[in-house]
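Examining the three-dimensional arrangement
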Amino acid sequence: MLGSYKSNKVSFWVKSLIFLIIASTLFYILKSNEKLDELYWQAVVAGWKKNSSFLVIAFLLLPVNWFLEAYKWKFIVQDIEKISFKRATEGVIIGVSMGFVTPHSIGDYAARIFSLTNPERVNAIGAVFLCRISQFYITLCFGSISLVVYIYMVLQESGISYSLLVLVTFLNNILFVALFIFHKSILRYLLSRERTKKIFSYFAVIEKYTFKEINYVLLLSFLRYCVFCFQFVLILYFFEIDILWWLLVSGVAFVFFVKSIVPTFMDLGVRELAAVGFLGVFYYDHQNIVFASLTLWLLNLVLPAVIGLFLMYRIKLFNKEKV
């Protein structure tokens, strides 16, 4: 009884510390972001008067984004612990909040694991990894195609080097497919080696999934990727970025691709640079492109990070903790 009280007390203060770190970071980033100036808000007001429906639809797609990821997480983690859709959604949103202050959203792993109650919940590291690698594969697949388009359309490169790039891109995507197909054999091999056994034991749960189940996870990741892309395209239209739709889609895929492979902290700068680098070639107003990228950042990262703050006390740092 006394031990449970102490663990609850320690847990409360640790969560409070995490809350303060994330809240102060959010406040600092929003206050110090020079792009969130009067010009940005004037552009938002101007866009709202002409194209409000685009922003409204993009906002309404936000819960669709969360629910797809929550359903995917619920499906993946069921072999470790059967959780409700509500708890899965909470884990996802808290993951966004904790991932906000860690490089490459590493905090997302901790948030999802701490949202579980199973004594063996540390094994969920592999489940979180599968969630993230499936989403990364979809981003890589479409992003690599956009990279080919970028080099051909923007850099005006062709010939042997361009053909080699196309070949490497194709082989890279095939390699990932092979990893998904032979994941059981690869894991068994890594778990049989003394040097890799300890590290990859945390990912052993992935061996339980069949190729059919992994395909289902990839399908959910693809649907979520479509939501991301559609949101960005809508926001670009909101700021009147008037270029061919397929170039917009290619540009969006390129932005997500660059953002996923370049190490970032709090998702700052990379999205805007990638968007201007691709779309800026076809549209003169670079400022509106930056504003669109910033709006997507506010919508898909900052807003759920704020909401996640108020769900922070729902996680369980200790298995015996009562929440």
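Structure shown above.
Please read these numbers as outputs of a predicted model, since none were measured by experiment.

Structural notes on the pattern of salt bridges
On inspection of all chains with the given rule, the structure shows 9 salt bridges. We note a salt bridge from Lys50 to Glu240, for which the minimum N-O separation is 3.9 Å. With Lys50 in helix α2 (residues 38–77) and Glu240 in the loop between α9 (211–238) and α10 (245–261), this residue pair connects regions lying 190 residues apart in the sequence. The exposure class of Lys50 is exposed, given its relative accessible area of 60%. It is possible to trace a salt-bridge network through shared partners that takes in Glu69, Lys72, Asp108, Arg112, Arg132 and Arg224.

Brief notes about the side chain of Arg271
Considering the arrangement of structural elements, one finds Arg271 in helix α11 (residues 270–279). Apart from the residues lying within four places of it in its own chain, the contact partners of Arg271 are Val255, Phe256, Lys259, Ser293, Leu296 and Trp297.

Regarding the nonpolar core
Judged by nonpolar contacts, the single largest core of 100 residues is most densely connected at Trp73 and Phe239. Leave out the neighbours within four places in its chain, and Trp73 touches Ile83, Ala88, Val92, Arg112, Ser115, Leu116, Ala124, Ala127, Val128 and Cys131.

A look at the environment of Val205
Its location among the elements puts Val205 in the loop between α8 (194–200) and α9. Between the alpha carbons of Val205 and Leu17 there is a distance of 31 Å; along the sequence they are 188 residues apart. In this structure, Val205 is in contact with Ile80, Asn123, Gly126 and Ala127, ignoring residues within four places of it in sequence.

Concerning the packing of helix α5 (residues 124–153) against α10
Two elements in contact, α5 and α10, have axes separated by 7 Å at closest approach and are oriented at 120 degrees. Considering their axes alone, α5 and α10 lie oblique with respect to each other. In terms of crossing hand, the pair formed by α5 and α10 is left-handed. In this structure, α5 contributes Phe136, Thr139, Leu140, Phe142, Gly143, Ser144, Ser146, Leu147, Val149, Tyr150 and Met153 to the contact, and α10 contributes Trp246, Leu247, Ser250, Ala253, Phe254, Phe256, Phe257, Ser260 and Ile261. Taken together, the residues of the contact of α5 with α10 break down into 14 nonpolar, 6 polar and no charged.

Observations regarding the layout of surface pockets
Size it by volume and the largest pocket reaches roughly 1,000 Å³. In terms of lining, the largest pocket is formed by 37 residues, of which the most central are Ser105, Arg132, Gln135, Arg224 and Lys259. Within the residue set of the lining of the largest pocket, elements represented by two or more residues are α2, α3 (85–99), α4 (107–114), α5, α9, α10 and α12 (286–309). The biggest single contributor to the lining of the largest pocket is α5, with 7 residues. Of the voids in this model, the second largest pocket is the one considered here, and its volume is about 340 Å³. Every residue lining the second largest pocket is counted, 14 residues in all, and those nearest its centre are Phe129, Ile133, Leu179, His183 and Ile206. Looking at the lining of the second largest pocket, the elements with two or more residues in it are α5, α6 (160–181) and α7 (183–192).

Structural notes on the packing of α2 against α9
The N-to-C vectors of α2 and α9 enclose an angle of 170 degrees; their axes lie 8 Å apart at closest approach. If you check the angle between α2 and α9, you find them roughly antiparallel. For the contact of α2 with α9, the per-class residue count stands at 24 nonpolar, 6 polar and 4 charged.

Comments concerning the environment of Ser163
With respect to the helices, strands and loops of the structure, Ser163 is situated in helix α6. Accessibility expressed as a relative area gives 46% for Ser163, which makes it partly exposed. Linking Ser163 and Val148, residues 15 residues apart in sequence, is a C-alpha distance of 9.5 Å.

How each quantity is defined
- Residues numbered from 1 in each chain as written.
- Predicted model: local features only at pLDDT ≥ 70, side-chain atom pairs only at ≥ 80, totals over all residues.
- Heavy atoms only, no water.
- Salt bridge = Lys/Arg side-chain N within 4 Å of Asp/Glu carboxyl O.
- Helix = DSSP H or I, 4+ residues; strand = E, 2+ residues; numbered from the N terminus.
- Buried < 20%, exposed > 50% of the residue type's maximum accessible area, 1.4 Å probe, protein only.
- Contact = heavy atoms within 4.5 Å.
- Core = buried A, V, L, I, M, F, W, Y, C linked by side-chain atoms within 4.5 Å.
- Axes fitted to C-alpha atoms, helices over the stretch in contact; angles between N-to-C directions.
- Parallel < 35°, antiparallel > 145°, perpendicular 65-115°, else oblique.
- Left-handed = near helix turned anticlockwise from the far one by under 90°.
- Nonpolar A, V, L, I, M, F, W, Y, C, P; charged D, E, K, R; others polar.
- 1 Å grid on protein atoms, 1.4 Å probe; cavity = no way out; pocket = protein on both sides within 12 Å on 5 of 7 lines; lining within 4 Å.
- Points joined across faces, edges and corners; volume = space filled by probe spheres on them.

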